[in-house]
Amino acid sequence: MLLQALAFYVFATVTVASAAMVVVSRNPVYSVLFLILAFFNAAALFVLIGAEFIAMILVIVYVGAVAVLFLFVVMMLDINLTEIREGFLKYLPVGAAIGVVLLAEILLGLGVLGGGSVTIAGLDKAGAQVLAVDNTRAIGRVLYTQYFYLFQVAGIVLLVAMIGAIVLTLRSRPGVRRQKISDQLYRPKDQAVTVVKVPTRGGV
Amino acid sequence: MYADLIQFFTTNWLGQAIVILAQCLAVTVPLLVAVAYMTYVDRKVWASIQLRRGPNVVGPFGLLQPFADGLKLVLKETIVPSSANGVLFIVAPMITFMTALVAWAVVPFDDGWVIADINVGILYLFAISSLGVYGIIIAGWASNSKYAFLGALRSAAQMVSYEVSIGFVLVTVMLCVGSLNLSEVVLAQSGWFWSWFWLPLLPMFVIFFVSALAETNRTPFDLPMSEAELVAGFHTEYSAMTFGLFFLGEYANMILLSAMGAVLFLGGWMSPVPYAPFTLVPGVVWFALKIAFLLFVFSWTKGTLPRYRYDQLMRLGWKVFLPVSLGWLVLTAAVLQFGGWVPKH
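Worth saying up front: this structure is predicted, and the values here are computed from it rather than measured.

Caption draft 1: Molecular detail of the confidence of the model for chain A. With 83% of its residues at a pLDDT of at least 70, chain A reaches an overall mean of 82. Put simply, helix α5 (residues 120–130) of chain A is where chain A has its lowest mean pLDDT, 55, and helix α7 (residues 148–169) of chain A is where it has its highest, 93.

Written as structure tokens, this is what we have:
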């Protein structure tokens, strides 16, 4: 128990501190790296409460794929640091407002401000039902039965977004000579290679 | 006395911490020795392929060569380029090395021989192996050198691309096992060596192995460090032990992916013949032999194949492996469902 409490405080502190550093650090590359650290510690917190599936998906999707692309883009961009500094105070009220809204939503959802749909007791009850199986299986059982249509809709939204991104960036440039891989691969063997039998210890 | 000791190590938090540390050491030390000798075996295999002798001066048969190399790297000066980003430049090789080591926590060496027998073992391995790209991309950026940066970008794009097909391969194996626990993956393959997953899932095994080559930046996919164009790729600016950590991390990663291959497709600690003289051999020996076999294929490919062109590499990842692995995943699911082979749990 002591180790768990210690682990919780370490991960929680690092999560909050690195989330703060994402906003305040001067270099955007550092911001992304702190974001990755925050994701990672959030995953560790999920592990501590026993939600190992969500923790691993968080690391695979956000740290392993999304943040890599963030880092990619941020490293390639030529970002003017002083310009970003100037915008900080301008965007502060908007950012703070969004933060307050998100916090209020979490509190409402948990029923802290009264009348919430999800209560701690309800969560415990739901937890008791799924405790018999590990949580990967538990998620699968509700995701592919009760929430199947929502799951499919989420997939379609992502597909549409993907097609949209491709449509926006795809352009056909005239005069580009493309390599036809199939032509290259179907070149007959006698045109491509010569086989030389080298006697052992004889050299070529 | 013994009861006291057992109680101390199983219930007291200090005792538990000591046990966990000891387990970590018991995995890490043999792993580092394996990494050292993997560099030696690699060079010997290439030497044989090229009709040379390979390292044979330091110690009998050159067996002390890896330690001589290691000692040399430790004693040399670590040079940080003046325009490099100091902290990240030093941290990057550590990340590479560390991610290659922490993944071993879930690898089952024998029945019950695993540090953390977690229920999402496959996902953990996948998550950690997708982190390896950070060491490389941070190294390329922090070096503040165009060759290092180009190498890092190539490497990042390559690793992200091939992770997709590795992911589908893992999902296919998960479907056949019905669990994400690596020990259960091995147990699901019990029987003769043809009941291991390499045969029923042969195309996926091939895709996994080729993707593993790409994931570890090995020939024929070693474009991130192709000497002809990029000097040494992302580790151009690295010297001494910072370079050494990249080198060790790369080899530890190779061994890790071979271990993944052995667990997922070659029956982990299972003996190839489920009868007496073979089953008496400890499982960890079989596991080591299977890893050694896959590592030999790694060296063999490096000694034999030329390097891919970059567009060919991307084409193979996205236009060949992705559709094939996705199609095979759907096929496997259909066969399991309609053949009545869905694993019961």
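Caption draft 2: Structural view of the pattern of salt bridges. All names here are of chain B. Across all of its chains, the model carries four salt bridges over all chains by this definition. Across the pair aspartate 69 and arginine 43 runs a salt bridge, and its minimum N-O distance is 2.9 Å. Here arginine 43 lies in helix α2 (residues 13–49) and aspartate 69 lies in helix α3 (residues 65–75), a separation of 26 residues in the sequence. The residue aspartate 311 makes a salt bridge to arginine 309 at a minimum N-O spacing of 2.9 Å. Of the residues examined, aspartate 311 reaches a relative accessible area of 34% and is grouped as partly exposed. For arginine 309, a relative accessible area of 31% corresponds to the partly exposed category.

Caption draft 3: Molecular detail of the packing of helix α5 (residues 121–129) of chain B against helix α7 (residues 146–177) of chain B. Residue and element names in this part refer to chain B. α7 packs onto α5 with a crossing angle of 175° between their chain directions and a minimal axis gap of 11 Å. Taken together, the axis directions place α5 and α7 in an arrangement best described as roughly antiparallel. Residues Ile122, Leu123, Phe126 and Ser129 of α5 pack against Glu163, Ile166, Gly167, Leu170 and Met174 of α7. Within the contact of α5 with α7, the residues separate by chemical class into six nonpolar, two polar and one charged.

Caption draft 4: Main features of the confidence of the model for chain B. Residues and elements named next belong to chain B. Residues at a pLDDT of 70 or more form 98% of chain B, whose mean pLDDT is 85. The weakest mean pLDDT in chain B belongs to helix α10 (residues 227–230) at 70; the strongest belongs to helix α9 (residues 202–215) at 90. For this predicted complex, the interface confidence reaches an ipTM of 0.80, while the overall pTM sits at 0.84.

How each quantity is defined
Residues numbered from 1 in each chain as written. Chains lettered and ligands numbered in written order. Predicted model: local features only at pLDDT ≥ 70, side-chain atom pairs only at ≥ 80, totals over all residues. Heavy atoms only, no water. pLDDT = per-residue confidence, 0-100. Helix = DSSP H or I, 4+ residues; strand = E, 2+ residues; numbered from the N terminus. Salt bridge = Lys/Arg side-chain N within 4 Å of Asp/Glu carboxyl O. Buried < 20%, exposed > 50% of the residue type's maximum accessible area, 1.4 Å probe, protein only. Axes fitted to C-alpha atoms, helices over the stretch in contact; angles between N-to-C directions. Parallel < 35°, antiparallel > 145°, perpendicular 65-115°, else oblique. Contact = heavy atoms within 4.5 Å. Nonpolar A, V, L, I, M, F, W, Y, C, P; charged D, E, K, R; others polar.

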